[in-house]
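So you can see what is in the structure, the chains are spelled out below.
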Amino acid sequence: MKKDNVIFFDTTLRDGEQSPGASMNLSEKLLIAKQLAALGVDVIEAGFPISSIGDFEAVKSISQQIKTVSIAGLCRATEKDIKTCWSAVKYSKKPRIHIFLATSDLHMEKKLKKTRAQVLDMAVKAVKHGKSLCKDVEFSAEDAGRSDMGFLCKIVEAVIDVGANTVNIPDTVGYTTPVEFGGKIAEIKKKVPNINGTIISVHCHNDLGLAVANSLSAIENGARQVECTINGIGERAGNAALEELAMALNVRSHYYNIKHSIKTNELCSTSKLVSKLTGIPIQANKAVVGANAFSHESGIHQDGILKARETYEIMNPSDVGIPESSLVLGKHSGRHAFFKRVKDLGYKLNSKILEQLFEKFKILADKKKTVFNDDIIALLEESSSSDKEIFILKYLSTTAGTATIPTATVKILKNKNDKEQKCEIFQEAACGSGPVDAAYKAIDKIVNMDIKLVDFSLKSVSSGEDALGEVILKIQYDGKIYLGKGTSTDIIEASAKAYIQAINKSVEF
Ligand code: KIV
Ligand code: ZN
């Protein structure tokens, strides 16, 4: 039997960005969009253009720069939203206007304060308007999971009549269960007379941990587009995880008999990039891309794996882009081995950045006996090509103890944005409630900005007493949140580096 194709519609940059604290700047969104294109997604939902100038610019830039993938923008069912959305996506080679309007009685009554007839009329007008601007229009019946099936079928039929190419059935609040949700898709296929020739899409939220299961059930029942995000990030408990959907369809290909265009060996690097840029860590036991997804702890399992991998592994780590390398790097490792490891880990970097990283690796290898993959990933994640290094930590000294007032002295180099690339050196000292606080107070005196630390976490990157410490923090400046990451074998230095990285992100030249 010929295999059907399922469209992967990635909404990491729109619904994913709605995860608390996950907002990204333009260059970060472009990096993710380029990686999503390399991953092979069919559609990138780049943002919600009317929601902010930043979102509008991001959708516009992504539409201008990514030419191989369809670019969608989200909008409500109003004239102004649709026009604004079109103004941002029209630069794409394959633009899509994605209109949403709530169809559950609860949303219509309480939120929209409209009757079913009014909502039906709005949906039809909006899709007509969208079609007058753009060939490709998707209509989403928000809260479809809790909508009356008769009304849902009626609105789906009406929007198809006026040209909707895709009808999306979102389980907006993650309320449905797999058999139930699959049944809804089957019912739409059966009851909507003009459904043939239109793509049924699903968009499942994960409030009950069922987003992937519901999406797969929908595919079994005829959905041919899945809306998903990398690492499953998104509003509240998130969306269906792209990597889990793609691997379920591959590993169980005989069961689903569905093709897709995802290049699964790009999954691991895409997942890491999204985690790094959003600051949302990947839980260790996360399916497909978690650190433990291919680790075997129990002796019985290890023994089985050594005898035949298939005993306890249903996927090959290399299928998802995890390098199977046991070679340990250390201070005697050369450039070649280091560059190869970076590439095997899924990072594509230019030679200038590679050289800078190699210098950092050498310093680390001098401090640590063995450099693990996780240490290298931490180095890679700390230095992002998109970061502007305005402030650079040059020197840090702290004193602390039970009988002393914690103090810190810092020396910071400030790059100036002039053609000669001149820089100035500043030095300050401060006391604090602990050495990290003292260092931050000294840095505050130098940068002279009203910064508030809103989140701080410290963890060990790899094992051993010489393990790297990694600090991830968020600062608030001028009403916006900025993420910083720093690593070092010295946790005070890691804390200072993370703080300065976040400050650098917040500063405009
Ligand atoms: O969850 C939802 O209903 C949405 C729509 C805008 C598609 O995100
Ligand atoms: Zn959503």
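Counting of residues starts from 1 at the beginning of each chain's written sequence and follows it residue by residue. A letter from A marks each chain and a number from 1 marks each ligand, given out in the order of writing. Only residues with pLDDT of 70 or above have their local features reported here, since the model is predicted, and side-chain atom pairs are shown and tallied only from 80 upward, although totals for entire chains, interfaces and linings are computed over all residues. Side-chain numbers here rest on the full set of heavy atoms in the structure, without hydrogens or water.

1. Comments concerning the packing of aromatic side chains
Let me state the cut-off plainly: When the centres of two rings from Phe, Tyr and Trp lie within 6.5 Å, Trp using its six-membered ring, the rings pair. Their planes under 30 degrees apart give stacked, over 60 give edge-to-face, and anything left gives tilted. Numbering of helices and strands starts at the N terminus; helices are DSSP runs of H or I of at least 4 residues and strands are runs of E of at least 2. Only protein chains enter the accessibility calculation, which uses a 1.4 Å probe; a residue is then buried when its area is under 20% of its type maximum, exposed when over 50%, and partly exposed in between.
Taken as a whole and judged by the stated rule, the model has 8 aromatic pairs. Pairing phenylalanine 338 with phenylalanine 358 gives two aromatic rings, centres 5.7 Å apart and planes at 50°, and the pair type is tilted. Placement of phenylalanine 338 in helix α13 (residues 335-344) and of phenylalanine 358 in helix α14 (residues 351-367) is noted, with a sequence separation of 20 residues between them. Across the pair, exposure class does not vary: phenylalanine 338 and phenylalanine 358 are buried alike.

2. Digging into the coordination of the zinc ion (ligand 2)
We apply this condition: The donor set comprises N, O and S atoms within 2.8 Å of the metal, extended to 3.2 Å for Na, K and Ca; water molecules are omitted, so apparent gaps in a site may simply reflect that omission.
For the zinc ion (ligand 2), the full set of protein donor atoms is Asp15 (OD), His203 (NE2) and His205 (NE2), and the range of their distances to it is 2.0 to 2.1 Å. Linear spacing of the donor residues for the zinc ion (ligand 2) on their chain is D-x187-H-x1-H. Note that aspartate 15 is positioned in the loop between β2 (7-10) and α1 (26-39) and histidine 205 in the loop between β8 (199-204) and α8 (211-220), a separation of 190 residues in sequence. The same class applies to aspartate 15 and to histidine 205, which are both buried.

3. Observations regarding the sheet that holds strand β11 (residues 391-399)
Whenever strands of a sheet pair, they do so through backbone hydrogen bonds, lying parallel or antiparallel. Heads up, the condition is: Here the rule is simple: two strands pair whenever DSSP picks up at least two bridges between them. Angles shown run from 0 to 180 degrees and are taken between the N-to-C directions of axes, each axis being a line fitted to C-alpha atoms and, for helices, limited to the stretch in contact.
In space, the 3 strands of this open sheet follow the order β11-β12-β13, with antiparallel pairing throughout. The open sheet has two free edges, formed respectively by β11 and β13 (423-431), since each of these has just one partner strand. Taken over all neighbouring pairs, the strand axes of this sheet differ in orientation by 15° on average, direction set aside. Pairing geometry for strand β12 (residues 407-415) and β13, over 9 bridges, is antiparallel.

4. Here's the deal with a nonpolar patch on the surface
For the record, the criterion: Here, patches come from residues exposed beyond 30% relative accessible area and free of salt bridges, joined within 9 Å for like charges and within 5 Å for nonpolar side chains (Val, Leu, Ile, Met, Phe, Trp, Tyr). Accessibility throughout is a Shrake-Rupley quantity obtained with a 1.4 Å probe, and a residue counts as covered only by protein chains that appear here. Take a side-chain nitrogen of Lys or Arg and a carboxyl oxygen of Asp or Glu: if they are within 4 Å of each other, that pair is a salt bridge.
Taken together, the side chains of Leu453, Phe456, Leu458 and Ile491 present a nonpolar region at the surface, about 320 Å² in accessible area. Among the elements that line the nonpolar patch, the one with the most residues is strand β14 (residues 452-460), at 3 residues. Examined against the element boundaries, phenylalanine 456 turns out to sit in strand β14.

5. Details of the sheet that holds strand β16 (residues 480-488)
The line we're drawing: By definition in these notes, contact holds between two residues if any of their heavy atoms fall within 4.5 Å.
The 3 strands are arranged β14-β15-β16 in an open sheet whose pairing can be described as antiparallel. On the outer flanks of this sheet lie β14 and β16, each paired with one strand and no other. Recorded for the sheet is a direction-independent mean angle of 15° between the axes of neighbouring strands. In the sheet, strand β15 (residues 469-477) pairs with β16 via 9 bridges, with the strands oriented antiparallel. Along β16, the bridge assignment pairs valine 471 with glycine 486. Against the sheet, helix α15 (residues 373-382) engages β15 and β16, with an angle of about 140° to β16.

6. Remarks on the pattern of salt bridges
Pairing is possible between side chains that carry opposite charge, provided their charged atoms lie close to one another. Evaluated as defined, the whole model comprises 24 salt bridges. Glutamate 244 is the partner of lysine 286 in a salt bridge, and the nearest nitrogen-oxygen pair spans 2.4 Å. Residue lysine 286 is located in the loop between α11 (267-278) and α12 (299-307), and its partner glutamate 244 is located in helix α9 (residues 242-251); the two are separated by 42 residues in the primary sequence. In this structure, the salt-bridge partner of lysine 441 is aspartate 437, at a minimum N-O distance of 2.8 Å.

7. Here's the deal with the domain arrangement of the chain
What counts, and what does not: Boundary definitions for the domains trace back to an automatic or database domain assignment. Summed over both partners, buried area is the accessible surface (1.4 Å probe) that two parts give up on being assembled.
Domain assignment breaks the chain into domain 1 (4-278), domain 2 (293-322), domain 3 (323-384) and domain 4 (391-508). For domain 1 and domain 4, the distance between their C-alpha centres works out to 40 Å. Taken together, the contact pairs 6 residues of domain 1 with 4 residues of domain 4. Interface of domain 1 and domain 4: buried area, both sides summed, is about 370 Å²; carbon and sulfur atoms make up 42% of it. Put simply, domain 1 and domain 4 have 1 salt bridge between them.

8. Considering the nonpolar core
We apply this condition: By nonpolar core is meant a set of buried Ala, Val, Leu, Ile, Met, Phe, Trp, Tyr and Cys residues that side-chain atoms within 4.5 Å join together.
In terms of nonpolar packing, the biggest core is built from 87 residues, with Phe8, Ile44, Ile99, Phe139 and Ile188 touching the most fellow members. Of all the elements, helix α6 (residues 149-161) adds the most residues to this core, at 8 residues. Looking at this core, you find at least three residues from each of domain 1 (4-278) and domain 2 (293-322). Not counting residues within four places of it along the chain, the set of residues in contact with isoleucine 188 comprises Met149, Leu152, Cys153, Val156, Ile169, Ile195 and Ile200. Counting 24 residues, the second-largest nonpolar core is a separate cluster that includes Ile412, Ala430, Tyr482 and Ile503.

9. Some thoughts on the pairing of strand β4 (residues 70-76)
The condition is simple: We call a crossover right-handed when, viewed with the strands running away from us, the connection from the first strand over the helix to the second turns clockwise.
Counting buried positions along β4 gives 6 out of 7 residues, so the element sits mostly inside the fold. With 4 bridges connecting them, strand β3 (residues 43-47) and β4 associate as parallel partners. Each residue of the ladder has a partner; that of glutamate 45, found in β4, is alanine 72. In the classification by handedness, the crossover that spans β3, the intervening helix α2 (residues 53-65) and the parallel β4 is right-handed. Of the strand pairs in this sheet, β4 and strand β5 (residues 95-102) are connected by 6 bridges, and their pairing is parallel. In the strand pairing of β5, leucine 74 is matched with histidine 98. As a crossover connection, the stretch from β4 through helix α3 (residues 79-89) into β5 is right-handed.

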